[in-house]
Amino acid sequence: MSGDKNALSEELLERLRYFIEDVDAQRASRNLRKVFFDYLKFQDGMSDKDFDKILTDIEALLDLLDTIAIEKKSRNKLK
């Protein structure tokens with residue numbers, strides 16, 4: 001691995017490849033949304049002091065999952 005601080009390890013790249021290729025991103029996105037909204041319901045109006053950060057992180061993860069799902073659909077249409 002090069003001296004680049006931003007370089008990803010081979011192990012991490014392999015895990016990302018596995019996730020992108022083998023996980024149903026649309027299902028994972030839908031399930032994470034369900035879990036998150038259930039969490040919100042049980043909070044009963046009370047939110048964590050870092051809730052804005054939590055929302056930003058959840059949104060970024062869901063966007064990634066949605067992008068993976070869209071790419072897979074697009075790739076499958078070309079086949």
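Residues numbered from 1 in each chain as written. Predicted model: local features only at pLDDT ≥ 70, side-chain atom pairs only at ≥ 80, totals over all residues. Heavy atoms only, no water.

### Focus on the overall build of the protein chain
A tally of helices and strands in the protein chain yields 3 helices and 0 strands. Element order for the protein chain, N to C, with α for helix and β for strand: α-α-α. Over its C-alpha atoms the protein chain spans a radius of gyration of 16 Å, topping by over 25% the 12 Å that the globule rule assigns to 79 residues. By its C-alpha atoms, the protein chain is 45 × 40 × 15 Å across when sized along the principal axes. Counting only residues that meet the buried cut, the protein chain has 14% of its 79 residues in that class. A sequence separation of at least 24 residues applies to 63% of the contacts in the protein chain between residues at least 6 apart. (Helix = DSSP H or I, 4+ residues; strand = E, 2+ residues; numbered from the N terminus. Rg over C-alpha atoms; globule rule 2.2 N^0.38 Å. Buried < 20%, exposed > 50% of the residue type's maximum accessible area, 1.4 Å probe, protein only. Contact = heavy atoms within 4.5 Å.)

### What to know about helix 2 (residues 25-43)
Given a rise of 1.5 Å per residue, 19 residues ought to cover 27 Å, and the 27 Å separating the end C-alpha atoms of helix 2 matches this to within 8%. Within helix 2, the full set of buried residues consists of Ala-25, Ala-28, Ser-29 and Phe-36. Seen end-on, helix 2 carries its buried residues on one side only, within an arc spanning 100°. Pointing more than 90 degrees away from the buried face of helix 2 are the exposed residues Phe-37, Lys-41 and Phe-42. Against helix 3 (51-78) lie the buried residues of helix 2. Measuring from the side-chain oxygen of the N-cap residue of helix 2 to the backbone nitrogen of Gln-26 gives 3.2 Å; that N-cap residue is Asp-24. In the segment just after helix 2, Asp-44 is the residue with positive phi, at about 50°. (Expected span 1.5 Å × (residues − 1). Arc of directions from axis to C-beta. Polar contact = N/O pair within 3.5 Å; in protein donor to acceptor, adjacent residues only side chain to side chain.)

### Structural notes on the packing of aromatic side chains
Across all of its chains, the model carries 3 aromatic pairs by this definition. When the ring of Phe-36 is compared with that of Tyr-39, the centres are 6.4 Å apart and the planes differ by 25°; the resulting orientation is stacked. In this pair, Phe-36 and Tyr-39 are both assigned in helix 2, 3 residues apart and thus about one turn of the helix distant. Its relative accessible area of 11% is what places Phe-36 among the buried residues. Using a relative accessible area of 31% as the deciding quantity, one classes Tyr-39 as partly exposed. Three or more aromatic residues joined by ring pairs form one cluster here, namely Phe-36, Phe-37, Tyr-39 and Phe-51. (Phe/Tyr/Trp six-rings, centres within 6.5 Å; stacked < 30°, edge-to-face > 60°.)

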